[in-house]
Amino acid sequence: MNQKAERIALCQMQQAAADMVYMDELYRAFRRIRHDFANYLQCSNFESEGEDFILRLRVLKKETLQLVDELLEKMPEIEEKSRRADFSWLKEPIALKRNSNERTRVLLKIWEEMKGYFECQLQEVFRITPVLLHLQDRLQRSLPPDEKESREHLAECDSICCHMTAENVLLAAYVYTFQKEAESIGVTFRFQLSVPTRFHDRLGDFFYLLGISKAAAIAALSGYDRTGDKHHDAGVIRIRMAEGMGLWHFFLEYGRMREDDELMLRGDFENDRYLKKILKRMDAVLSEKENDRKVQVDITG
């Protein structure tokens with residue numbers, strides 16, 4: 001049976017998933033504007049007097065300006081909603097008792113990290129309007145910006161960075177915190193994640209698996225020195241979760257820092273008592289191997 005702290009954490013996750021959908025849509029729209037604006041700047045650097053090229057540049061500019069105008073119209077409502085919303089799940093810490101089991105500890109740790117992502121989004125939302133106004137002013141001018149202005153505009157767009165594109169807001173928070181922690185130790189994080197149907201009603205199992213995966217990969221590569229790396233792809237963490245034809249598949253791969261590093265050897269996932277329970281419930285099979293200083297974990301269910 002789940003401990004009280006775990007149940008509270010899962011309730012908060014579900015509330016966050018409902019509360020932050022509008023914020024996810026906002027950041028998706030902003031990312032699209034940034035992408036289209038960058039394309040406009042890139043095209044404007046080419047020298048061409050062809051009618052097709054000039055028309056394409058005008059259309060790209062017009063469409064990007066339209067997206068900016070539409071988002072600016074929505075921003076007052078979004079900002080007001082951010083001010084008035086409760087977000088009690090973000091403000092209330094969860095007490096962890098001394099006798100809490102490891103599963104609860106893993107879930108609470110990863111959830112507290114994910115909260116930081118949402119908190120950052122709520123703070124940054126009020127910085128988006130000035131950036132959009134600058135873009136609007138830039139796009140309303142007759143001449144495209146020069147190279148220096150282009151760099152400045154893109155840098156301003158990139159200062160609004162707390163967003164990841166994922167299947168839902170909870171996965172976005174997970175991959176964002178994972179990526180930031182990987183970057184802090186000089187490691188590359190690559191992912192392809194979705195929530196398989198079997199896990200829709202078992203978020204605790206799903207995020208426990210993701211939590212121990214993150215902890216294992218980061219621990220194994222802490223202190224990684226890319227300059228001294230002689231092994232291909234050693235400083236890369238890969239994680240995938242997908243489903244198809246009634247089956248789901250989880251894959252994790254990460255390197256070990258040194259040949260004599262005993263930190264992560266085979267058996268860590270196989271011997272995890274809480275993961276064993278998940279595998280039994282899901283009728284899933286786990287295989288774990290090490291090849292060329294890389295640990296690989298496969299789970300199919």
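Definitions and cut-offs
Residues numbered from 1 in each chain as written. Predicted model: local features only at pLDDT ≥ 70, side-chain atom pairs only at ≥ 80, totals over all residues. Heavy atoms only, no water. Phe/Tyr/Trp six-rings, centres within 6.5 Å; stacked < 30°, edge-to-face > 60°. Helix = DSSP H or I, 4+ residues; strand = E, 2+ residues; numbered from the N terminus. Buried < 20%, exposed > 50% of the residue type's maximum accessible area, 1.4 Å probe, protein only. Lys NZ or Arg CZ within 6 Å of the ring centre and 35° of its normal. Polar contact = N/O pair within 3.5 Å; in protein donor to acceptor, adjacent residues only side chain to side chain. Pairing = 2+ DSSP bridges. Axes fitted to C-alpha atoms, helices over the stretch in contact; angles between N-to-C directions. Core = buried A, V, L, I, M, F, W, Y, C linked by side-chain atoms within 4.5 Å. Contact = heavy atoms within 4.5 Å. pLDDT = per-residue confidence, 0-100. Disulfide = S-S within 2.5 Å. Parallel < 35°, antiparallel > 145°, perpendicular 65-115°, else oblique. Left-handed = near helix turned anticlockwise from the far one by under 90°. Nonpolar A, V, L, I, M, F, W, Y, C, P; charged D, E, K, R; others polar.

**Some details on the packing of aromatic side chains**
Geometry of an aromatic ring pair is reported as the spacing of the ring centres plus the angle between the planes.
Okay, so step 1: All told, the structure shown has 14 aromatic pairs when counted by the stated rule.
Okay, so step 2: Measuring from ring centre to ring centre gives 6.4 Å for F37 and Y40, while their planes differ by 35°; the resulting arrangement is tilted. Taken as a pair, F37 and Y40 lie in helix α2 (residues 21-44) at a separation of 3 residues, close to a single helical turn. Across this residue pair, the class does not change: F37 and Y40 are buried.
Okay, so step 3: Taking 5.0 Å as the distance between ring centres and 50° as the angle between the ring planes, the aromatic pair formed by Y117 and Y176 counts as tilted. Of this pair, Y117 sits in helix α5 (residues 102-139) while Y176 sits in helix α7 (residues 169-184), placing them 59 residues apart in sequence. Taken as a pair, Y117 and Y176 share a single burial class, namely buried.
Okay, so step 4: A network of ring pairs unites the aromatic residues F87, W89, W111, Y117, F118 and Y176 as a single cluster.
Okay, so step 5: Between K81 and the ring centre of Y22, over which it is positioned, the NZ or CZ distance is 4.4 Å.

**Here's the deal with the side chain of S194**
Okay, so step 1: The residue S194 is located in the loop between β1 (188-193) and α8 (203-221) in this model.
Okay, so step 2: Within polar-contact distance, the side chain of S194 engages the backbone oxygen of M241 at 3.1 Å.

**Let's talk about the pairing of strand β4 (residues 285-291)**
Working note: regular strand, side chains alternate between the two faces of the sheet.
Okay, so step 1: Sheet topology places β4 next to strand β5 (residues 294-300); 7 bridges connect them, and they run antiparallel. In the sheet register, L286 faces β5, and the bridge partner there is I299.
Okay, so step 2: Between the end of β4 and the start of β5, which pair antiparallel, lie 2 residues, with D292 showing a positive phi angle near 55°.

**Description of the sheet that holds β5**
Okay, so step 1: Spatially, the 5 strands line up as an open sheet ordered β1-β2-β3-β5-β4, and their pairing is mixed. Strands at the two margins of the open sheet, each flanked by one partner only, are β1 and β4. Neighbour-to-neighbour, the strand axes of the sheet open up by a mean angle of 5°, direction not taken into account.
Okay, so step 2: As paired elements, strand β2 (residues 236-244) and strand β3 (residues 247-255) share 7 bridges and run antiparallel to each other.

**Digging into the environment of Y117**
Okay, so step 1: We classify Y117 as buried; its relative accessible area is 2%.
Okay, so step 2: For the pair Y117 and K180, spaced 63 residues apart in sequence, the C-alpha separation works out to 10 Å.
Okay, so step 3: Only 3.3 Å separates the side chain of Y117 from the backbone nitrogen of M164, close enough to count as a polar contact.

**Looking at the nonpolar core**
Okay, so step 1: Membership of the largest hydrophobic core comes to 96 residues, with the highest contact counts inside it found for W111, F118, Y174, F207, I237 and Y254.
Okay, so step 2: A per-element tally of this core places α5 first, with 15 residues.
Okay, so step 3: Those residues within four positions of F118 in sequence are excluded, and the remaining contacts are A16, M20, W89, W111, V169, L170 and A173.

**Concerning the confidence of the model for the chain**
Okay, so step 1: When pLDDT is averaged across the chain, the result is 87; 90% of the residues are at 70 or more.
Okay, so step 2: Contacts from residues 262-267, a stretch scored under 50 in pLDDT, to residues over four places away or in other chains number 15 contacts.

**A short note on the state of the cysteines**
Okay, so step 1: Tallied over the entire structure, the rule returns 0 disulfides.
Okay, so step 2: C157 provides the cysteine sulfur closest to C43, a residue in no disulfide bond, and the two sulfurs are 16 Å apart.
Okay, so step 3: On the accessibility criterion, C43 (8% relative accessible area) is buried.

**Here's the deal with the packing of α8 against helix α9 (residues 273-282)**
Packed helices, taken two at a time, are described by the angle between their axes plus the distance between the axes.
Okay, so step 1: Packing of α8 against α9 brings their axes to within 11 Å, and their N-to-C directions diverge by 135°. Compared by their axis directions, α8 and α9 come out oblique. You can see that α8 and α9 cross each other, and the crossing is left-handed. Across from D205, Y208, L209 and I212 in α8, the residues of α9 making contact are Y274, L275, I278, R281 and M282.
Okay, so step 2: Taken together, the residues of the contact of α8 with α9 break down into 7 nonpolar, no polar and 2 charged.

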